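Geometric and topological summary
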Amino acid sequence: QVQLVESGGGLVQPGGSLRLSCTASENIFSFNRMGWYRQVPGAQRELVATITRSGSSDYADSVKGRFTVFRDITKNTMYLQMNSLKPEDTAVYYCNALPGSDPTSNYWGQGTQVTVSS
């Protein structure tokens, strides 16, 4: 089965930067779409950024201009570069992938904590 492993979370001051990584156990071209989601306790999980197999990306309004999603195909890794971080960005961030072979299925990573605080 496909496994997704996130890393890169931590504590950062407001205005700082972090880069999250999501490494997949198979060729990421096998996915129709990958993305980053985040969740605060007691709230619904929300979409942060997505990237399709063709490389097209999209972002939530709250992070446009601050976050960038990109890939390293040779490493089967998707990244989320987060700049100008705000306290409201504090959440557990999850990696997601939608397989091309089974569009009704999806995979999730274990999550990585991002805390923005002074």
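Residues numbered from 1 in each chain as written. Predicted model: local features only at pLDDT ≥ 70, side-chain atom pairs only at ≥ 80, totals over all residues. Heavy atoms only, no water.

**Observations regarding the nonpolar core**
Formally: The nonpolar core is taken to be a set of buried Ala, Val, Leu, Ile, Met, Phe, Trp, Tyr and Cys residues, with the residues joined through side-chain atoms within 4.5 Å. Each residue gets one of three labels from its accessible area relative to the maximum for its type: buried under 20%, exposed over 50%, partly exposed in between, using a 1.4 Å probe on protein chains only. Helix and strand definitions here come from DSSP, where helices need a minimum of 4 consecutive H or I residues and strands a minimum of 2 consecutive E residues; each element is numbered from the N-terminal end. Only heavy atoms enter the contact rule, under which two residues are in contact if any of them lie within 4.5 Å.
Counting 29 residues, the largest nonpolar core has Met34, Trp36, Leu80, Met82 and Tyr93 as its most contacted members. Within the residue set of this core, elements represented by two or more residues are strand S3 (18-24), strand S4 (31-39), strand S5 (46-52), strand S7 (67-72), strand S8 (77-82), strand S9 (91-99) and strand S11 (112-116). Not counting chain neighbours up to four residues away, the residues in contact with Tyr93 comprise Glu6, Leu20, Trp36, Tyr37, Arg38, Val48, Phe67, Leu80, Met82, Gly111, Thr112 and Val114.

**Observations concerning the sheet that holds S8**
Counted only if it meets this: Strands were regarded as paired on the criterion that DSSP finds at least two bridges between them. What counts as an axis is a line fitted to C-alpha atoms, over the stretch in contact for a helix, and the angles between N-to-C directions run from 0 to 180 degrees.
Here 4 strands make up an open sheet; going across it, the order is S1-S3-S8-S7 and the pairing antiparallel. One side of each edge strand has no neighbouring strand; the edge strands of this open sheet are strand S1 (4-7) and S7. Taking each pair of neighbouring strands and ignoring which way they run, the sheet shows an average axis angle of 20°. Bridging between S3 and S8 involves 6 bridges; their strand directions are antiparallel.

**Considering the pattern of salt bridges**
The following threshold applies: Salt bridges are counted wherever a side-chain nitrogen of Lys or Arg sits within 4 Å of a carboxyl oxygen of Asp or Glu.
The tally for this structure, following the rule as stated, stands at 4 salt bridges. Here Arg38 ties to Asp89 by a salt bridge, and the two come within 3.0 Å at their closest N and O atoms. Residue Arg38 is located in strand S4, and its partner Asp89 is located in the loop between S8 and S9; the two are separated by 51 residues in the primary sequence. Of the two residues, Arg38 and Asp89, neither departs from the other in class, the shared state being buried.

**Considering empty space enclosed by the protein**
The test is simple: Note on definitions: the grid is 1 Å and covers protein atoms alone; a cavity is a set of points where a 1.4 Å probe fits but cannot get out; a pocket is an open set with protein on both sides within 12 Å along at least five of seven lines; lining residues have an atom within 4 Å of a point. Grid points are joined across faces, edges and corners, and a volume is the space filled by probe spheres set on the points. Three residue categories are used. Nonpolar comprises Ala, Val, Leu, Ile, Met, Phe, Trp, Tyr, Cys and Pro, charged comprises Asp, Glu, Lys and Arg, and polar comprises the others, including Gly.
Scanning all chains against the criterion turns up 1 cavity of 30 Å³ or more. In this structure, the largest cavity occupies an estimated 40 Å³ of space. Looking at the largest cavity, the residues that line it are Ile28, Phe31, Asn32, Arg33, Met34, Ile51, Thr52, Arg53 and Arg71. Within the residue set of the lining of the largest cavity, elements represented by two or more residues are S4 and S5. Tallied by class, the residues present in the lining of the largest cavity amount to 4 nonpolar, 2 polar and 3 charged.

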